[in-house]
Amino acid sequence: MKLWTGRFRKELDKKTNDFNSSISFDSRMAAEDITGSMAHAAMLAKQGIISAEDAKAIQNGLADILADLKSGRLDIDMDSEDIHTFIETELTARIGDAGKRLHTGRSRNDQVALDIRLYLKNRYLPLKQQLTELISVICDKAEKYADAVMPGYTHMQRAQPVTFGHHLMAYAEMFIRDIGRLDDAVNRMDLSPLGSGALASTTYPLDREAAAKALGFGGVTDNSLDGVSDRDFTIELASALSLIMVHLSRFSEEIILWCSWEFRFIELDDAFSTGSSIMPQKKNPDIAELVRGKAGRVFGDLMTLLTVMKGLPLAYNKDMQEDKEAVFDAFDTVSACLAAFTPMIDTMHVLTDNMRRAAANGFINATDCADYLVGKGLPFRDAYKATGCLVAACIDKGLTLETLPLDEYKAVCDLFDNDIYDAISLDRCVATRRVYGGPAPENVRAQVKRVREILNKN
Ligand code: ARG
(Lines give C-alpha, C1' and ligand atoms only; values in the text may rest on other atoms or scores of the structure.)
Protein backbone atom coordinates (compact mmCIF):
# COMPACT_ATOMS: atom_id res chain seq x y z
CA MET A 1 0.00 0.00 0.00
CA LYS A 2 1.27 3.46 -0.92
CA LEU A 3 0.59 6.46 1.29
CA TRP A 4 0.23 8.63 -1.81
CA THR A 5 -2.56 6.94 -3.81
CA GLY A 6 -5.33 9.17 -5.23
CA ARG A 7 -3.51 11.17 -7.82
CA PHE A 8 -2.13 8.09 -9.56
CA ARG A 9 -3.95 5.86 -12.04
CA LYS A 10 -1.43 3.01 -12.04
CA GLU A 11 0.55 0.99 -9.51
CA LEU A 12 4.25 1.76 -9.37
CA ASP A 13 6.26 -0.51 -11.67
CA LYS A 14 7.55 -3.48 -9.60
CA LYS A 15 11.25 -3.00 -10.32
CA THR A 16 10.93 0.74 -9.82
CA ASN A 17 9.27 0.06 -6.51
CA ASP A 18 12.26 -2.01 -5.42
CA PHE A 19 14.62 0.72 -6.57
CA ASN A 20 12.65 3.44 -4.81
CA SER A 21 12.14 1.53 -1.58
CA SER A 22 14.29 2.06 1.50
CA ILE A 23 12.68 -0.62 3.65
CA SER A 24 15.65 -2.98 3.38
CA PHE A 25 17.78 -0.55 5.38
CA ASP A 26 15.42 1.82 7.18
CA SER A 27 13.50 -1.01 8.89
CA ARG A 28 16.17 -0.84 11.57
CA MET A 29 14.58 2.46 12.64
CA ALA A 30 11.22 0.78 13.36
CA ALA A 31 11.39 1.35 17.13
CA GLU A 32 12.36 5.01 16.68
CA ASP A 33 9.61 5.53 14.10
CA ILE A 34 7.09 4.16 16.57
CA THR A 35 8.42 6.24 19.47
CA GLY A 36 8.26 9.36 17.30
CA SER A 37 4.71 8.61 16.22
CA MET A 38 3.58 8.04 19.80
CA ALA A 39 4.95 11.43 20.85
CA HIS A 40 3.34 13.09 17.81
CA ALA A 41 -0.06 11.50 18.54
CA ALA A 42 0.09 12.49 22.22
CA MET A 43 0.92 16.06 21.24
CA LEU A 44 -1.92 16.17 18.63
CA ALA A 45 -4.41 15.10 21.31
CA LYS A 46 -3.05 17.57 23.86
CA GLN A 47 -3.51 20.35 21.32
CA GLY A 48 -7.06 19.18 20.54
CA ILE A 49 -6.14 18.32 16.95
CA ILE A 50 -7.20 14.67 17.34
CA SER A 51 -9.42 13.17 20.05
CA ALA A 52 -8.05 11.60 23.21
CA GLU A 53 -9.67 8.27 22.20
CA ASP A 54 -7.94 8.30 18.82
CA ALA A 55 -4.63 9.10 20.48
CA LYS A 56 -5.13 6.23 22.90
CA ALA A 57 -5.97 3.81 20.07
CA ILE A 58 -2.86 4.98 18.19
CA GLN A 59 -0.63 4.55 21.24
CA ASN A 60 -1.93 1.07 21.98
CA GLY A 61 -1.81 0.03 18.35
CA LEU A 62 1.77 1.22 17.97
CA ALA A 63 2.83 -0.46 21.22
CA ASP A 64 1.36 -3.74 19.97
CA ILE A 65 3.14 -3.40 16.64
CA LEU A 66 6.43 -2.81 18.40
CA ALA A 67 5.91 -5.81 20.66
CA ASP A 68 4.93 -7.99 17.68
CA LEU A 69 7.96 -6.87 15.70
CA LYS A 70 10.23 -7.66 18.64
CA SER A 71 8.73 -11.08 19.29
CA GLY A 72 8.75 -11.98 15.60
CA ARG A 73 4.94 -12.25 15.41
CA LEU A 74 4.92 -9.50 12.79
CA ASP A 75 7.11 -9.58 9.69
CA ILE A 76 8.05 -6.39 7.91
CA ASP A 77 6.58 -6.26 4.40
CA MET A 78 9.62 -5.84 2.20
CA ASP A 79 7.46 -4.45 -0.63
CA SER A 80 6.68 -1.37 1.48
CA GLU A 81 8.13 1.91 0.30
CA ASP A 82 9.76 2.55 3.64
CA ILE A 83 9.42 1.85 7.37
CA HIS A 84 7.12 4.86 7.86
CA THR A 85 4.69 3.53 5.24
CA PHE A 86 4.80 0.02 6.68
CA ILE A 87 4.03 1.06 10.23
CA GLU A 88 1.26 3.50 9.32
CA THR A 89 -0.35 0.93 7.01
CA GLU A 90 -0.13 -1.80 9.65
CA LEU A 91 -1.54 0.55 12.29
CA THR A 92 -4.51 1.50 10.12
CA ALA A 93 -5.16 -2.17 9.32
CA ARG A 94 -5.31 -2.83 13.04
CA ILE A 95 -7.21 0.18 14.43
CA GLY A 96 -9.02 1.69 11.43
CA ASP A 97 -9.73 5.43 11.10
CA ALA A 98 -7.73 6.52 14.13
CA GLY A 99 -4.65 5.19 12.35
CA LYS A 100 -5.42 7.46 9.41
CA ARG A 101 -5.35 10.48 11.72
CA LEU A 102 -1.79 9.86 12.93
CA HIS A 103 -0.14 11.70 10.06
CA THR A 104 -2.07 14.96 10.67
CA GLY A 105 0.34 17.90 10.64
CA ARG A 106 3.30 15.70 9.73
CA SER A 107 5.19 14.67 6.62
CA ARG A 108 7.51 11.77 6.05
CA ASN A 109 10.14 14.44 5.54
CA ASP A 110 10.14 15.61 9.15
CA GLN A 111 9.35 12.07 10.26
CA VAL A 112 12.46 10.58 8.66
CA ALA A 113 14.61 13.50 9.84
CA LEU A 114 13.37 12.74 13.35
CA ASP A 115 13.83 8.98 13.10
CA ILE A 116 17.46 9.18 12.00
CA ARG A 117 18.30 11.53 14.84
CA LEU A 118 16.60 9.27 17.38
CA TYR A 119 18.29 6.21 15.92
CA LEU A 120 21.75 7.75 15.90
CA LYS A 121 21.30 9.00 19.45
CA ASN A 122 20.50 5.41 20.46
CA ARG A 123 23.52 4.02 18.62
CA TYR A 124 25.85 6.57 20.10
CA LEU A 125 25.88 5.49 23.76
CA PRO A 126 26.89 1.86 23.16
CA LEU A 127 29.63 3.06 20.80
CA LYS A 128 30.89 5.50 23.39
CA GLN A 129 30.91 2.62 25.87
CA GLN A 130 33.02 0.55 23.47
CA LEU A 131 35.52 3.40 23.13
CA THR A 132 35.61 3.80 26.88
CA GLU A 133 36.40 0.10 27.24
CA LEU A 134 39.24 0.36 24.77
CA ILE A 135 40.71 3.37 26.57
CA SER A 136 40.48 1.64 29.90
CA VAL A 137 42.25 -1.46 28.50
CA ILE A 138 44.96 0.86 27.17
CA CYS A 139 45.29 2.48 30.62
CA ASP A 140 45.66 -0.91 32.33
CA LYS A 141 48.36 -1.98 29.89
CA ALA A 142 50.13 1.40 30.09
CA GLU A 143 50.21 1.22 33.87
CA LYS A 144 51.66 -2.29 33.74
CA TYR A 145 54.35 -1.25 31.24
CA ALA A 146 55.06 2.25 32.52
CA ASP A 147 58.72 1.27 33.05
CA ALA A 148 59.21 -0.89 29.96
CA VAL A 149 61.83 0.94 27.90
CA MET A 150 61.37 0.82 24.14
CA PRO A 151 62.77 2.86 21.28
CA GLY A 152 60.62 5.78 20.18
CA TYR A 153 60.76 6.41 16.45
CA THR A 154 60.71 9.24 13.98
CA HIS A 155 60.85 8.41 10.25
CA MET A 156 60.67 4.78 11.43
CA GLN A 157 64.25 5.22 12.70
CA ARG A 158 65.07 4.66 16.36
CA ALA A 159 65.10 8.13 17.85
CA GLN A 160 64.88 8.50 21.62
CA PRO A 161 63.89 6.16 24.45
CA VAL A 162 60.30 6.06 25.62
CA THR A 163 58.34 3.41 27.46
CA PHE A 164 55.69 1.10 26.11
CA GLY A 165 53.26 2.65 28.56
CA HIS A 166 54.00 6.12 27.21
CA HIS A 167 53.57 4.93 23.64
CA LEU A 168 50.21 3.30 24.44
CA MET A 169 48.93 6.40 26.23
CA ALA A 170 49.36 8.41 23.04
CA TYR A 171 46.47 6.32 21.67
CA ALA A 172 44.42 6.93 24.81
CA GLU A 173 44.65 10.66 24.04
CA MET A 174 43.39 10.12 20.48
CA PHE A 175 40.42 8.06 21.61
CA ILE A 176 39.55 10.58 24.33
CA ARG A 177 39.40 13.27 21.62
CA ASP A 178 37.23 10.93 19.55
CA ILE A 179 34.71 10.69 22.35
CA GLY A 180 34.71 14.50 22.55
CA ARG A 181 34.01 14.79 18.83
CA LEU A 182 31.14 12.32 19.03
CA ASP A 183 29.72 14.20 22.03
CA ASP A 184 29.90 17.48 20.10
CA ALA A 185 28.13 16.03 17.07
CA VAL A 186 25.41 14.43 19.17
CA ASN A 187 24.88 17.63 21.19
CA ARG A 188 24.42 19.65 18.01
CA MET A 189 22.03 17.01 16.68
CA ASP A 190 19.93 17.13 19.82
CA LEU A 191 17.05 19.16 18.30
CA SER A 192 13.74 17.79 17.11
CA PRO A 193 12.74 18.60 13.51
CA LEU A 194 9.19 17.30 14.10
CA GLY A 195 6.70 19.99 13.09
CA SER A 196 8.76 21.11 10.10
CA GLY A 197 6.24 19.20 8.00
CA ALA A 198 7.15 18.61 4.37
CA LEU A 199 9.12 21.86 4.31
CA ALA A 200 6.86 24.72 5.43
CA SER A 201 5.60 23.44 8.79
CA THR A 202 1.82 23.28 9.11
CA THR A 203 -1.32 25.28 9.88
CA TYR A 204 -2.21 23.05 12.88
CA PRO A 205 -1.34 24.53 16.27
CA LEU A 206 1.39 22.00 17.04
CA ASP A 207 3.32 22.14 20.28
CA ARG A 208 6.72 21.26 18.92
CA GLU A 209 8.45 21.77 22.25
CA ALA A 210 6.19 19.27 24.00
CA ALA A 211 6.83 16.55 21.42
CA ALA A 212 10.57 17.29 21.50
CA LYS A 213 10.64 17.07 25.28
CA ALA A 214 8.70 13.81 25.30
CA LEU A 215 11.30 12.40 22.94
CA GLY A 216 14.20 13.53 25.11
CA PHE A 217 15.51 16.28 22.82
CA GLY A 218 17.12 19.41 24.20
CA GLY A 219 15.00 21.65 21.93
CA VAL A 220 13.52 22.08 18.46
CA THR A 221 15.04 23.11 15.12
CA ASP A 222 14.52 26.79 14.25
CA ASN A 223 13.70 26.73 10.54
CA SER A 224 11.37 24.26 8.88
CA LEU A 225 13.31 24.16 5.59
CA ASP A 226 16.51 23.39 7.46
CA GLY A 227 14.70 21.00 9.78
CA VAL A 228 13.86 18.62 6.95
CA SER A 229 16.93 19.07 4.78
CA ASP A 230 19.73 19.15 7.34
CA ARG A 231 21.92 16.05 7.32
CA ASP A 232 25.00 17.77 8.75
CA PHE A 233 24.83 15.49 11.74
CA THR A 234 25.28 12.37 9.61
CA ILE A 235 28.37 13.97 8.11
CA GLU A 236 29.72 15.12 11.45
CA LEU A 237 29.23 11.67 12.92
CA ALA A 238 30.76 9.95 9.89
CA SER A 239 33.68 12.33 10.18
CA ALA A 240 34.16 11.58 13.89
CA LEU A 241 33.83 7.88 13.06
CA SER A 242 36.40 8.26 10.27
CA LEU A 243 38.88 9.75 12.72
CA ILE A 244 38.31 6.84 15.07
CA MET A 245 39.22 4.59 12.15
CA VAL A 246 42.32 6.66 11.43
CA HIS A 247 43.43 6.05 14.99
CA LEU A 248 42.50 2.37 15.02
CA SER A 249 44.28 1.96 11.71
CA ARG A 250 47.50 3.62 12.90
CA PHE A 251 47.40 1.47 16.02
CA SER A 252 46.79 -1.62 13.86
CA GLU A 253 49.73 -0.73 11.67
CA GLU A 254 51.98 -0.66 14.73
CA ILE A 255 50.55 -3.93 16.05
CA ILE A 256 51.33 -5.51 12.67
CA LEU A 257 54.89 -4.19 12.73
CA TRP A 258 55.46 -5.16 16.36
CA CYS A 259 54.28 -8.74 15.66
CA SER A 260 56.76 -9.17 12.84
CA TRP A 261 59.96 -11.09 13.59
CA GLU A 262 61.86 -7.96 12.59
CA PHE A 263 60.47 -6.31 15.74
CA ARG A 264 59.00 -9.01 17.99
CA PHE A 265 57.84 -6.42 20.52
CA ILE A 266 54.55 -8.20 21.09
CA GLU A 267 52.87 -11.47 20.34
CA LEU A 268 49.15 -11.58 19.79
CA ASP A 269 47.19 -14.15 21.70
CA ASP A 270 46.31 -17.25 19.67
CA ALA A 271 42.63 -16.42 20.07
CA PHE A 272 43.17 -13.18 18.14
CA SER A 273 45.47 -14.27 15.33
CA THR A 274 45.19 -16.58 12.37
CA GLY A 275 47.31 -19.09 10.48
CA SER A 276 48.26 -19.71 6.89
CA SER A 277 46.78 -22.51 4.80
CA ILE A 278 50.20 -23.41 3.38
CA MET A 279 52.94 -22.03 5.66
CA PRO A 280 52.83 -23.94 8.94
CA GLN A 281 55.01 -21.44 10.81
CA LYS A 282 52.75 -18.42 10.17
CA LYS A 283 50.83 -16.51 12.79
CA ASN A 284 49.14 -13.58 11.14
CA PRO A 285 47.69 -10.38 12.61
CA ASP A 286 44.56 -10.58 10.42
CA ILE A 287 42.36 -8.71 12.89
CA ALA A 288 44.65 -5.67 12.91
CA GLU A 289 44.94 -5.80 9.12
CA LEU A 290 41.17 -5.97 8.71
CA VAL A 291 40.68 -3.01 11.01
CA ARG A 292 43.26 -1.08 8.98
CA GLY A 293 41.46 -2.08 5.79
CA LYS A 294 38.00 -1.19 7.06
CA ALA A 295 39.13 2.38 7.67
CA GLY A 296 38.79 2.87 3.92
CA ARG A 297 35.21 1.77 4.06
CA VAL A 298 34.25 4.31 6.72
CA PHE A 299 36.04 7.11 4.82
CA GLY A 300 33.96 5.98 1.82
CA ASP A 301 30.78 6.42 3.87
CA LEU A 302 31.84 9.95 4.78
CA MET A 303 32.58 10.73 1.13
CA THR A 304 29.18 9.32 0.13
CA LEU A 305 27.41 11.63 2.55
CA LEU A 306 29.37 14.72 1.53
CA THR A 307 28.76 14.03 -2.14
CA VAL A 308 25.06 13.25 -1.74
CA MET A 309 24.47 16.54 0.06
CA LYS A 310 26.68 18.93 -1.84
CA GLY A 311 24.37 19.78 -4.72
CA LEU A 312 20.95 19.57 -3.13
CA PRO A 313 18.60 22.52 -3.36
CA LEU A 314 16.28 23.07 -0.39
CA ALA A 315 14.38 21.36 0.97
CA TYR A 316 13.91 17.54 0.95
CA ASN A 317 15.15 15.60 -2.07
CA LYS A 318 15.00 11.86 -2.46
CA ASP A 319 18.80 11.76 -2.80
CA MET A 320 18.80 12.12 0.96
CA GLN A 321 17.47 8.58 1.35
CA GLU A 322 21.07 7.57 0.62
CA ASP A 323 22.18 9.04 3.95
CA LYS A 324 21.06 6.04 5.97
CA GLU A 325 23.08 3.21 4.46
CA ALA A 326 26.23 5.31 4.66
CA VAL A 327 25.92 6.49 8.26
CA PHE A 328 24.60 3.10 9.45
CA ASP A 329 27.52 1.34 7.79
CA ALA A 330 29.98 3.73 9.43
CA PHE A 331 28.49 2.96 12.86
CA ASP A 332 28.34 -0.79 12.22
CA THR A 333 31.91 -0.91 10.97
CA VAL A 334 33.45 1.08 13.81
CA SER A 335 31.50 -0.92 16.35
CA ALA A 336 32.57 -4.25 14.79
CA CYS A 337 36.20 -3.09 14.69
CA LEU A 338 36.18 -2.05 18.34
CA ALA A 339 34.57 -5.34 19.36
CA ALA A 340 37.49 -7.26 17.82
CA PHE A 341 40.27 -4.77 18.55
CA THR A 342 39.84 -4.20 22.29
CA PRO A 343 40.17 -7.84 23.40
CA MET A 344 43.09 -8.25 20.99
CA ILE A 345 44.94 -5.45 22.81
CA ASP A 346 43.84 -6.73 26.18
CA THR A 347 45.30 -10.20 25.58
CA MET A 348 48.48 -9.36 23.65
CA HIS A 349 51.76 -10.52 25.16
CA VAL A 350 54.34 -7.78 25.54
CA LEU A 351 57.96 -8.85 25.00
CA THR A 352 59.72 -6.22 27.08
CA ASP A 353 63.18 -7.81 26.74
CA ASN A 354 63.03 -7.44 22.96
CA MET A 355 61.93 -3.84 23.29
CA ARG A 356 64.85 -3.10 25.57
CA ARG A 357 67.28 -4.88 23.27
CA ALA A 358 66.08 -2.78 20.34
CA ALA A 359 66.39 0.34 22.47
CA ALA A 360 69.98 -0.57 23.35
CA ASN A 361 71.15 -0.84 19.77
CA GLY A 362 70.06 2.30 18.04
CA PHE A 363 72.06 5.09 19.72
CA ILE A 364 68.77 6.41 21.01
CA ASN A 365 70.65 7.84 23.99
CA ALA A 366 72.80 10.05 21.73
CA THR A 367 70.76 13.16 22.64
CA ASP A 368 71.36 12.37 26.31
CA CYS A 369 75.10 12.03 25.62
CA ALA A 370 75.06 15.51 24.04
CA ASP A 371 73.02 16.83 26.98
CA TYR A 372 75.70 15.43 29.32
CA LEU A 373 78.29 17.67 27.64
CA VAL A 374 75.89 20.61 27.83
CA GLY A 375 75.72 19.93 31.56
CA LYS A 376 79.50 20.29 31.64
CA GLY A 377 79.29 23.70 30.00
CA LEU A 378 79.65 22.92 26.28
CA PRO A 379 77.22 24.74 23.93
CA PHE A 380 74.58 22.31 22.61
CA ARG A 381 75.68 22.60 18.97
CA ASP A 382 79.28 21.60 19.86
CA ALA A 383 78.02 18.82 22.11
CA TYR A 384 75.81 17.57 19.25
CA LYS A 385 78.82 17.43 16.91
CA ALA A 386 81.08 15.67 19.39
CA THR A 387 78.38 13.04 20.01
CA GLY A 388 77.95 12.58 16.26
CA CYS A 389 81.68 11.76 16.03
CA LEU A 390 81.29 9.23 18.87
CA VAL A 391 78.37 7.54 17.12
CA ALA A 392 80.44 7.32 13.92
CA ALA A 393 83.30 5.76 15.92
CA CYS A 394 80.89 3.24 17.50
CA ILE A 395 79.52 2.26 14.09
CA ASP A 396 83.07 1.75 12.76
CA LYS A 397 84.03 -0.44 15.72
CA GLY A 398 80.75 -2.30 16.07
CA LEU A 399 80.18 -0.83 19.55
CA THR A 400 77.43 1.11 21.29
CA LEU A 401 77.69 4.25 23.40
CA GLU A 402 77.39 2.00 26.45
CA THR A 403 80.34 -0.21 25.41
CA LEU A 404 82.65 2.44 23.97
CA PRO A 405 85.72 2.77 26.29
CA LEU A 406 86.21 6.02 28.18
CA ASP A 407 89.50 6.86 26.41
CA GLU A 408 87.59 6.90 23.08
CA TYR A 409 85.17 9.39 24.66
CA LYS A 410 88.03 11.50 25.96
CA ALA A 411 89.73 11.46 22.57
CA VAL A 412 86.69 13.31 21.18
CA CYS A 413 86.13 15.63 24.16
CA ASP A 414 88.02 15.84 27.43
CA LEU A 415 84.89 16.83 29.36
CA PHE A 416 83.83 13.16 29.41
CA ASP A 417 84.28 11.24 32.64
CA ASN A 418 83.21 7.92 34.08
CA ASP A 419 79.75 9.25 34.97
CA ILE A 420 78.89 9.33 31.23
CA TYR A 421 77.84 5.66 31.44
CA ASP A 422 75.24 6.44 34.06
CA ALA A 423 74.05 9.52 32.15
CA ILE A 424 73.29 7.46 29.04
CA SER A 425 71.74 4.45 30.76
CA LEU A 426 68.35 3.89 29.13
CA ASP A 427 66.43 3.85 32.40
CA ARG A 428 67.96 7.15 33.36
CA CYS A 429 67.26 8.64 29.92
CA VAL A 430 63.59 7.81 30.37
CA ALA A 431 63.35 8.65 34.07
CA THR A 432 64.81 12.11 33.58
CA ARG A 433 62.32 13.07 30.85
CA ARG A 434 60.03 14.43 33.49
CA VAL A 435 58.64 17.38 31.54
CA TYR A 436 54.84 17.33 31.56
CA GLY A 437 53.73 14.95 28.81
CA GLY A 438 57.10 13.17 28.72
CA PRO A 439 57.82 9.44 29.11
CA ALA A 440 59.13 9.30 32.69
CA PRO A 441 57.31 6.37 34.36
CA GLU A 442 55.85 8.64 37.04
CA ASN A 443 54.45 10.89 34.29
CA VAL A 444 52.88 7.94 32.53
CA ARG A 445 51.26 6.80 35.75
CA ALA A 446 49.92 10.30 36.34
CA GLN A 447 48.55 10.41 32.80
CA VAL A 448 46.83 7.06 33.30
CA LYS A 449 45.24 8.48 36.43
CA ARG A 450 44.04 11.61 34.59
CA VAL A 451 42.56 9.61 31.74
CA ARG A 452 40.78 7.27 34.13
CA GLU A 453 39.29 10.31 35.86
CA ILE A 454 38.03 11.63 32.52
CA LEU A 455 36.46 8.23 31.80
CA ASN A 456 34.77 8.16 35.19
CA LYS A 457 33.27 11.60 34.62
CA ASN A 458 31.91 10.64 31.19
N1 ARG B 1 12.41 6.85 2.67
C2 ARG B 1 12.54 8.27 2.64
C3 ARG B 1 13.94 8.69 3.07
O4 ARG B 1 14.61 7.90 3.62
C5 ARG B 1 11.54 8.87 3.56
C6 ARG B 1 11.11 10.23 3.18
C7 ARG B 1 10.28 10.18 1.99
N8 ARG B 1 9.75 11.46 1.61
C9 ARG B 1 9.38 11.72 0.36
N10 ARG B 1 8.90 12.88 0.15
N11 ARG B 1 9.49 10.86 -0.60
O12 ARG B 1 14.37 9.78 2.84
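Reading the values: rules and limits
- Residues numbered from 1 in each chain as written.
- Predicted model: local features only at pLDDT ≥ 70, side-chain atom pairs only at ≥ 80, totals over all residues.
- Heavy atoms only, no water.
- Near = heavy atom within 4 Å.
- Polar contact = N/O pair within 3.5 Å; in protein donor to acceptor, adjacent residues only side chain to side chain.
- Helix = DSSP H or I, 4+ residues; strand = E, 2+ residues; numbered from the N terminus.
- Nonpolar A, V, L, I, M, F, W, Y, C, P; charged D, E, K, R; others polar.
- Phe/Tyr/Trp six-rings, centres within 6.5 Å; stacked < 30°, edge-to-face > 60°.
- Buried < 20%, exposed > 50% of the residue type's maximum accessible area, 1.4 Å probe, protein only.
- Contact = heavy atoms within 4.5 Å.
- Pairing = 2+ DSSP bridges.
- Axes fitted to C-alpha atoms, helices over the stretch in contact; angles between N-to-C directions.
- Left-handed = near helix turned anticlockwise from the far one by under 90°.
- Parallel < 35°, antiparallel > 145°, perpendicular 65-115°, else oblique.

A. Spotlight on the site of the ligand. The immediate surroundings of the ligand are formed by Ser22, Asp82, His84, Arg108, Asn109, Val112, Tyr316, Gln321 and Lys324. In the model, a nitrogen atom of the ligand is placed 3.0 Å from a nitrogen or oxygen of the Ser22 side chain. Between the ligand and Lys324 there is a distance of 2.6 Å, counted from an oxygen atom to a side-chain nitrogen or oxygen. Tallying contributions element by element places helix H7 (residues 108-144) first for the shell around the ligand, with three residues. Taken together, the residues that form the shell around the ligand break down as two nonpolar, four polar and three charged.

B. Representation of the packing of aromatic side chains in the model. Under the definition given, this model contains 11 aromatic pairs. Plain terms: the ring middles of Tyr119 and Phe328 are 4.7 Å apart, the flat faces sit at 55° to each other, and that makes the pair tilted. Linking Tyr119 in helix H7 with Phe328 in helix H13 (residues 323-347), this pair joins segments that are 209 residues apart in sequence. Summarising the burial analysis for this pair, Tyr119 and Phe328 share the class buried. Taking 5.2 Å as the distance between ring centres and 65° as the angle between the ring planes, the aromatic pair formed by Phe251 and Phe341 counts as edge-to-face. Here Phe251, found in helix H11 (residues 232-259), pairs with Phe341, found in helix H13; they are 90 residues apart in sequence, far enough to count as distant. The structure contains a cluster of three or more aromatic residues connected by ring pairs, namely Tyr372, Tyr409, Phe416 and Tyr421.

C. Structural detail: the side chain of Lys128. Looking at the secondary structure, you find Lys128 in helix H7. Contact partners of Lys128, with chain neighbours within four places excluded, come to Ile179, Asp183 and Asn458.

D. Summary view of unusual backbone geometry. With an omega of 0°, the peptide bond between Leu314 and Ala315 qualifies as cis. Following the sequence through the fold, Ala315 ends up in the loop between helix H12 (286-310) and H13. The backbone of Ser201 shows a phi angle near 60°, a positive value even though the residue is not glycine. Within the fold, Ser201 resides in the loop between strand E3 (191-192) and helix H9 (208-214).

E. Molecular detail of the pairing of strand E2 (residues 157-163). In terms of strand pairing, strand E1 (residues 149-154) meets E2 through six bridges, oriented antiparallel. When the bridges of E2 are listed, Gly152 appears paired with Gln160.

F. Seen up close, the packing of helix H4 (residues 52-71) against helix H5 (residues 83-95). Two elements in contact, H4 and H5, have axes whose closest approach is 10 Å; the angle formed by their N-to-C orientations is 115°. The handedness of the crossing between H4 and H5 comes out as right-handed. Note on element contacts: H5 touches H4 through Phe86, Ile87, Glu90, Leu91, Arg94 and Ile95, opposite Ala57, Ile58, Gly61, Leu62, Asp64, Ile65, Asp68 and Leu69. A per-class count over the contact of H4 with H5 returns nine nonpolar, one polar and four charged.

G. Quick peek at the packing of helix H8 (residues 164-189) against helix H20 (residues 441-457). Orientation of H8 relative to H20, taken along the N-to-C sense of each, is 25°, at an axis distance of 10 Å. One way to sum up the angle between H8 and H20 is to call them roughly parallel. As H8 runs across H20, the sense of the crossing is left-handed. Across the interface between the two elements, Gly165, His166, Met169, Glu173 and Ile176 from H8 touch Val444, Gln447, Val448, Val451, Ile454 and Leu455 from H20. Tallied by class, residues from the contact of H8 with H20 come to seven nonpolar, three polar and one charged.

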